[in-house]
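A structural walkthrough
What follows is the residue order along each chain.
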Amino acid sequence: MSEIRAASTAGELLKIALPIARTAAETARRMRAEAITDVQTKSTRTDVVTAADKAVERQVIDALRSARPGDGVLGEEYGDTATEPGSSVRWILDPIDGTVNYLYGLPQYAVSLAAEVDGVVQAGVVINAATGDEWTATRGGGAWRDGRRLHCSAPTDLAQSLIGTGFGYDAKRRAHQGAVLARLITQVRDIRRFGAAALDLCAVGEGLLDAYFEKGLNAWDHAAGGLVATEAGATVAGLAGAPPGLDMVVAAPPALFGPLHDLLAELDASGGP
């Protein structure tokens, strides 16, 4: 695929994603009052899923199948549907990223939708469903918010950097993450934990956070937001040359990525359960 064709494909995919994600965000916001009366749990008692998570995911899947019936879809609630022969596109969806925030009415929950081509994310949109704020990116085409091109911050000193993070649902994992954080917090400006990975990654892209890291993120947590951060100039990767994934996602401007990476490795941030 030529560079020009790849950019064109990314733009086409974003045009499909935008109205679908906007409608999904409206559904999530509208359903909140009724959805929080139907709450179930997944991996632990604190890992919740609402009726809206499932309804929004089903709505997006149906819309994608109508627009591009041969594409695959990887969603948080209903899993992976295969890409049919003739298509190289898979959509990656988190219907409500930040479900605990959603449950409590905290205005930090998002619809995250990305499109990957041959395994590489090419387009993504993240919408804060509570506020309507919207971030978009295409590979090679930059990251944007409300018509404004985004650039990550440019700090050079980790000690003066504001770092975002998140925690898993398993108590033993949280204990390990807490121990890492207790040692990290003395070596940075401060820590923020907002509770929605997609929005955290967009915050890095916009410079609202200097950097972000978290263990335990699935593809739907970081696909779209990771592209926003990358296209805004951040480095998004795992530790020791690994791609971003379950073991670790680190997003930081290039000047900060190395020092933060090395400190996280020293603190065994990707270790534990």
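Since the structure is predicted, the reported quantities are computational estimates derived from the model, not experimental observations.

Within the protein chain one finds seven helices and 15 strands. Against the compact-globule benchmark of 19 Å for 273 residues, the protein chain has a radius of gyration of 18 Å, which places it among compact chains. C-alpha atoms of the protein chain, sized along the principal axes, occupy 50 × 50 × 35 Å. The buried share among the 273 residues of the protein chain stands at 52%. Restricting to contacts in the protein chain with at least 6 residues of sequence separation, those with at least 24 account for 59%. As displayed, the protein chain has an accessible area near 11,700 Å², and 52% of this comes from carbon and sulfur atoms. On the protein chain, the mean spot of the 25 positive side-chain charges and the mean spot of the 34 negative ones are 3 Å from each other.

Ordered in space as 12-11-13-15-14, the five strands form an open sheet in which the pairing is mixed. Bordering the open sheet on either side are strand 12 (190-192) and strand 14 (235-237), each of which pairs with just one other strand. Averaged over all pairs of adjacent strands, the angle between their axes in this sheet comes to 15°, without regard to strand direction. Bridge analysis of strand 14 against strand 15 (residues 249-252) gives three bridges, and the strand direction is antiparallel.

Here the focus is the pairing of strand 8 (residues 134-138). With respect to burial, strand 8 is a largely interior element, five of its five residues being buried. Here strand 8 shows two buried faces, one formed by Glu134, Thr136 and Thr138 and the other by Trp135 and Ala137. The antiparallel hairpin formed by strand 7 (residues 120-128) and strand 8 contains five residues in its connecting segment, where Gly132 sits at a positive phi of about 85°. One ladder, built from three bridges, connects strand 8 with strand 9 (residues 142-145); its direction is antiparallel. In the strand pairing of strand 9, Thr138 is matched with Gly142.

Moving on, we come to the packing of aromatic side chains. Using the criterion set out here, one finds one aromatic pair in the structure. Between the aromatic rings of Tyr102 and Tyr109, the centroid separation amounts to 4.8 Å while the plane-to-plane angle is 80°, which identifies the pairing as edge-to-face. Cation over ring: Arg58 sits above Tyr78, and NZ or CZ is 4.6 Å from the ring centre.

It is worth spelling out the nonpolar core at this point. Grouped together as the largest cluster of nonpolar side chains are 30 residues, with contacts concentrated most on Leu13, Val60, Leu64, Trp91, Tyr102, Leu113 and Val125. Within the residue set of this core, elements represented by two or more residues are helix 1 (3-35), helix 2 (51-67), strand 5 (89-97), strand 6 (110-117) and strand 7. Ignoring sequence-local partners within four residues, the contact set of Leu113 consists of Ala17, Ile20, Val60, Leu64, Trp91, Ile92, Leu93, Ala123, Gly124, Val125 and Ala224. Residues Ala211, Ala252, Leu256 and Leu267 belong to the second largest nonpolar core, which totals 21 residues.

Once that is clear, we can look at empty space enclosed by the protein. A complete count under the given rule lists one cavity of 30 Å³ or more for this structure. As a volume, the largest cavity reaches approximately 80 Å³. In terms of lining, the largest cavity is formed by Thr165, Gly166, Phe167, Gln177, Val180, Phe213, Glu214, Lys215, Met248 and Ala269. Listed by contribution, the elements that provide at least two residues to the lining of the largest cavity are helix 4 (171-184) and strand 13 (211-214). Broken down by class, the residue content of the lining of the largest cavity amounts to five nonpolar, three polar and two charged.

Counted according to the given criterion, the structure contains nine salt bridges. Put simply, Arg145 and Asp146 hold a salt bridge, and the shortest N to O gap is 3.9 Å. Using a relative accessible area of 14% as the deciding quantity, one classes Arg145 as buried. Looking at Asp146, the relative accessible area reads 65%, which means it is exposed. Taken together, the salt bridges that share partners define one network made up of Asp133, Arg145, Asp146, Arg148 and Glu206.

Rules and cut-offs
The written sequence of each chain sets the order in which its residues are numbered from 1. pLDDT decides what is reported in this predicted model: residues at 70 or higher carry local features, side-chain atom pairs at 80 or more are listed and counted, and totals for whole chains, interfaces and linings draw on all residues regardless. Note: side-chain values were computed over all heavy atoms of the structure, leaving out hydrogens and water. Numbering of helices and strands runs from the N terminus, with a helix taken as a DSSP run of H or I at least four residues long and a strand as a DSSP run of E at least two residues long. Between the two quantities, the radius of gyration covers C-alpha atoms and the globule rule is 2.2 Å times the number of residues to the power 0.38. Here's how the labels work: a residue is buried when its accessible area is under 20% of the maximum for its type, exposed when over 50%, partly exposed in between, all with a 1.4 Å probe on protein chains only. Residues count as neighbours in contact if any of their non-hydrogen atoms are within 4.5 Å of one another. All accessible-area figures derive from a Shrake-Rupley calculation using a 1.4 Å probe, and residue coverage is judged against the displayed protein chains alone. Charge assignment: positive for Lys and Arg, negative for Asp and Glu; neither His nor the chain ends contribute. We put the charge of a Lys on NZ, of an Arg on CZ, of an Asp on CG and of a Glu on CD. Pairing between two strands is assigned when DSSP locates at least 2 bridges connecting them. To define axes, lines are fitted to C-alpha atoms, for helices over the stretch in contact only, and angles between the resulting N-to-C directions are given on a 0 to 180 degree scale. Here is the rule: rings of Phe, Tyr and Trp (six-membered ring for Trp) pair when centre to centre is within 6.5 Å. Planes less than 30 degrees apart are stacked, more than 60 are edge-to-face, and the remainder are tilted. In this analysis the charged atom, NZ for Lys or CZ for Arg, is taken to sit over a ring once it is within 6 Å of the ring centre and within 35 degrees of the ring normal. We call a set of buried Ala, Val, Leu, Ile, Met, Phe, Trp, Tyr and Cys residues a nonpolar core when their side-chain atoms join them within 4.5 Å. Definitions used for this entry: grid spacing 1 Å over protein atoms alone; cavity, a set of points where a 1.4 Å probe fits but cannot get out; pocket, an open set with protein on both sides within 12 Å along at least 5 of 7 lines; lining residue, one with an atom within 4 Å of a point. Grid points are joined across faces, edges and corners, and a volume is the space filled by probe spheres set on the points. As a working rule, the residues Ala, Val, Leu, Ile, Met, Phe, Trp, Tyr, Cys and Pro are called nonpolar, Asp, Glu, Lys and Arg charged, and the rest polar, with Gly in that last group. Take a side-chain nitrogen of Lys or Arg and a carboxyl oxygen of Asp or Glu: if they are within 4 Å of each other, that pair is a salt bridge.

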